[in-house]
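Read off the chains here:
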Amino acid sequence: AWDRFSVSVDYYRIDIDNAIGATSLGNAVALCFEDNDPDSPFCRSIVRGPDLYLAFYANPQFNLSRRVAEGVDVALEYSFDLGSGWELADSPASLDLRVLFNHALENSTQTTALAPVVDCTGFYGGECGQSFQLIPENRAITFLTYRSGPLSLALRWQWIDALENQLDVTCDLGLPSCFSQPGVP
């Protein structure tokens, strides 16, 4: 029965210099002051109203200093025959189980060479609110498929580890992401 069982484990680390991506308003404000150039891309992305308060943040894509994604993927697959009690129209019946699991070790961004590295693994909001994909520390997708003759029934479900609000962590430290509220001059 082990001939119908397979497992694969893959480690990955993707390190991209000069990656293209978004940054938070708080980080854009800090980088605007750091550049000290009103024509810098960070300053131009911050639009003030006639009252000089923040009107909106354009949130464009920037050339970031660095992005890193690191983790481990595990895939388990097992298939077995169900026997005569599960057959439909005298066709053999089988059950296939497939589990895909990911453990993220790092999902970090560094906007400039002088900026701190922000690891958003397991976080959302704040500096981690600009990603279009939230990266939990752990997640799994499971597939269960019944087959007999022309019939195939599949069930799929997903488990996603809890995420923590990055603002809850960084505001206690006074980091720039705490100041990403509209109306802050």
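Use the structure listed above.
Starting from 1, residues in each chain are numbered consecutively following that chain's sequence as written. Thresholds applied to this predicted model are a pLDDT of at least 70 for local features of residues and 80 or more for the giving and counting of side-chain atom pairs; totals over whole chains, interfaces and linings are not thresholded and use all residues. The side-chain values count all of the structure's non-hydrogen atoms but skip hydrogen atoms and water molecules.

1. Focus on the environment of P60
Part 1: A run of DSSP states H or I qualifies as a helix once it reaches four residues; a run of E qualifies as a strand once it reaches two. Both are numbered from the N-terminal end. Mapped onto the elements, P60 comes out in the loop between strand 4 (54-57) and strand 5 (62-63).
Part 2: In the structure, P60 is positioned 15 residues away from S45 in sequence and 6.8 Å away in space, judged by C-alpha atoms.
Part 3: Only heavy atoms enter the contact rule, under which two residues are in contact if any of them lie within 4.5 Å. Residues within four places of P60 in sequence aside, it is in contact with G21, A22 and S45.

2. Some words on the state of the cysteines
Here a disulfide denotes a covalent bond joining the sulfur atom of one cysteine to the sulfur atom of another.
Part 1: For this text, the term disulfide refers to a pair of cysteine sulfurs within 2.5 Å. What the rule picks out here adds up to one disulfide.
Part 2: A sulfur-sulfur distance of 1.9 Å marks the disulfide that ties C32 to C43. On the S-S bond that ties C32 to C43, the torsion sits near 105°, and the link is right-handed. Of this pair, C32 sits in helix 1 (residues 25-35) while C43 sits in helix 2 (residues 41-44); the two residues are eleven residues apart in sequence, bridging distant segments of the chain. As far as the burial class goes, C32 and C43 line up, both buried. Only protein chains enter the calculation, and the probe is 1.4 Å; a residue is then buried if its accessible area is under 20% of its type maximum, exposed if over 50%, and partly exposed in between.

3. Points about the pattern of salt bridges
Part 1: Any carboxyl oxygen of Asp or Glu within 4 Å of a side-chain nitrogen of Lys or Arg constitutes a salt bridge here. The final tally for this structure, using the stated rule, is seven salt bridges.
Part 2: Taking the shortest distance from any N to any O, the salt bridge between D15 and R13 comes out at 3.8 Å.
Part 3: Classification of D15 as partly exposed rests on a relative accessible area of 38%.
Part 4: With a closest N to O distance of 3.3 Å, E106 and R13 form a salt bridge. Pair noted here: E106 is in strand 7 (residues 93-110) and R13 is in strand 1 (residues 5-17), with a separation of 93 residues, a long-range link.
Part 5: With a relative accessible area of 19%, E106 lands in the buried category.

Read these as spatial facts, not as claims about activity.
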